[in-house]
Amino acid sequence: MTAVRELLTRRGDIELKFIRHRVSGTVHVVVPDDPDKQGEVFRIGEVPADAQLAMASGQTPTLCGYLAYKSMDGTRRSSDEMVSEFDDAHLCARCWRALGPEHQARAFEYHQPSTMLRSGT
Ligand SMILES: [Zn+2]
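Rules used in this analysis
- Residues numbered from 1 in each chain as written.
- Predicted model: local features only at pLDDT ≥ 70, side-chain atom pairs only at ≥ 80, totals over all residues.
- pLDDT = per-residue confidence, 0-100.
- Helix = DSSP H or I, 4+ residues; strand = E, 2+ residues; numbered from the N terminus.
- Contact = placed C-beta atoms within 7 Å.
- Pairing = 2+ DSSP bridges.
- Core = buried A, V, L, I, M, F, W, Y, C linked by C-beta atoms within 7 Å.
- Buried ≥ 20, exposed ≤ 12 C-beta atoms within 10 Å, placed from the backbone.

Focus: the confidence of the model for the protein
In the predicted model, the protein carries a mean pLDDT of 78, and 65% of its residues have values of at least 70. Across the protein, strand S2 (residues 27-29) holds the top mean pLDDT of 96, while helix H2 (residues 49-56) sits lowest at 61. Within the model, pLDDT remains below 50 along residues 114-121, and this stretch shows zero contacts once partners closer than five positions in the same chain are excluded.

Description of the pairing of strand S1 (residues 18-21)
It is a general feature of regular strands that their side chains alternate between the two faces of the sheet. With three bridges joining them, S1 and S2 adopt antiparallel strand pairing. Counted as the bridge partner of Ile-19 is His-28 from S2. Hairpin connection, S1 to S2: the antiparallel pair is bridged by five residues, and Gly-25 has positive phi, about 85°.

Remarks on the nonpolar core
Generally speaking, a soluble globular protein has its nonpolar side chains buried in company with each other. Among the nonpolar cores identified, the biggest contains 15 residues, and Val-4, Val-29, Leu-63, Leu-91, Cys-95, Ala-98 and Leu-99 are the most heavily contacted of them. Tallying contributions element by element places helix H3 (residues 93-99) first for this core, with three residues.

Shown next, in the form of structure tokens:
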């Protein structure tokens, strides 16, 4: 997933998004959109065909390859929910590795409850 690392290096303002499996509790890192390529997350060939299909059908690809399925009302038994706070221990180890050593700290920038670290610029 070198495209993600390149994106995170180029755009330090990108906030990672996290999605949690309702059953397992594992928190995965959502593949970030590239604001410089609106509507074109990755070039054809960088994302497997099944992942492209999944994105088109509303599923959410994550860094480790797990395809999350967002469900607003939680009626699907094995669905996922977007989270902004989570326990460090629940972060998916494969997503963590996919971030690469230079970006792994960013996975922990947004999980602190009731802490505003941002400068509001
Ligand atoms: Zn994962």
